[in-house]
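Okay, here's what each chain looks like letter by letter:
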Amino acid sequence: MENPETPVRILVVDDEPDIRNILHILLSSRGYEVDEAENGLRAVELVRAQPDYDLIILDIMMPGMDGMELCRTMKREENLHSIPLVFLTAKNDMTAKIEGLHIGAEAFIEKPFSFSYLRALIFSIMDNRRKEREAFIKRPFVPVHNIRMSKADEEFINRIIALIEEHMTNEQLNV
């Protein structure tokens, strides 16, 4: 297991059953908890029902809701926008790569892919998230502009800070 403290939950979203199956076998053999969805519509259902995924690996070209639309949908929703998304796709033109990164994906991996590279990327993303959490725990009142975060995360933190400041004297204020 690559992360013995808590298992990392990964959702694999691809319309090709063979790709989902291969990723499921390879990732679960490394200690990851893996769920699968055949398209973006099913992925949204799963993530809204259980928004505790640590990472989503998704294809771009899928029927129903494609990967780009899934990424846009996730980044618009307050309780889903912080889940890292990694495109794993055969669509490898530069325009698609740039668009994917602009709408909030963490990375873009071309098929065929190296599983070693994917594992290293997952580890890096999870390790960076862990370090960010630890830094925030040590210094929770660091000004938001000093922390590297997405626009959606920044807006969320600013709303929380404003609510706390507005209701600070209210004894009924709680988590």
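See above for the structure.
These numbers were taken from a predicted model, which means no experiment stands behind them.

Caption draft 1: Representation of the side chain of His81 in the model. With respect to the helices, strands and loops of the structure, His81 is situated in the loop between helix H3 (67-76) and strand S4 (85-89). Among the polar contacts made by the side chain of His81, one reaches the main-chain carbonyl oxygen of Glu78 at a distance of 2.7 Å.

Caption draft 2: Region of the structure containing the sheet that holds strand S1 (residues 9-13). Read from one edge of the open sheet, five strands run S2-S1-S3-S4-S5, paired in parallel fashion. Here the strands that pair on one side only, and so sit at the sheet edges, are strand S2 (33-37) and strand S5 (107-110). Looking at each pair of strands side by side, their axes are set apart by 20° on average, direction ignored. When S4 meets S5, the two strands line up parallel, connected through four bridges. Opposite Thr89, over in S5, you have Glu110 as the bridge partner. Here H3 sits on the sheet in contact with S1, strand S3 (55-58) and S4, set at roughly 180° to S4.

Caption draft 3: Spotlight on H3. With seven of its ten residues buried, H3 lies for the most part within the structure. Buried residues of H3: Gly67, Met68, Leu70, Cys71, Thr73, Met74 and Lys75, and no others. For H3, the side-chain oxygen to backbone nitrogen distance between the N-cap and Met68 is 3.2 Å, and the N-cap itself is Asp66.

Conventions we followed
Numbering of residues starts from 1 in every chain and runs along the sequence as written. Local features in a predicted model are, by the rule used here, given only for residues with pLDDT of at least 70; side-chain atom pairs are given and counted only at 80 or more, and totals for whole chains, interfaces and linings are based on all residues. The side-chain numbers reported here are obtained from all heavy atoms of the structure, hydrogens and water having been left aside. A run of H or I in DSSP counts as a helix once it spans at least four residues, and a run of E counts as a strand once it spans at least two, with each numbered from the N terminus. Polar contact is the term for a pair of N or O atoms within 3.5 Å; when the atoms are in protein, one must be able to donate a hydrogen and the other to accept it, and sequence-neighboring residues count only if both atoms are side-chain atoms. Any two strands between which DSSP finds at least two bridges are classified as paired. Between N-to-C directions, angles span 0 to 180 degrees; the directions come from axes that are lines fitted to C-alpha atoms, helices contributing only their stretch in contact. Residue contacts are counted whenever heavy atoms from the two residues lie within 4.5 Å of one another. Each residue is placed in one exposure class: buried if its accessible area under a 1.4 Å probe, protein chains only, is under 20% of its type's maximum, exposed if it is over 50%, and partly exposed if it falls in between.

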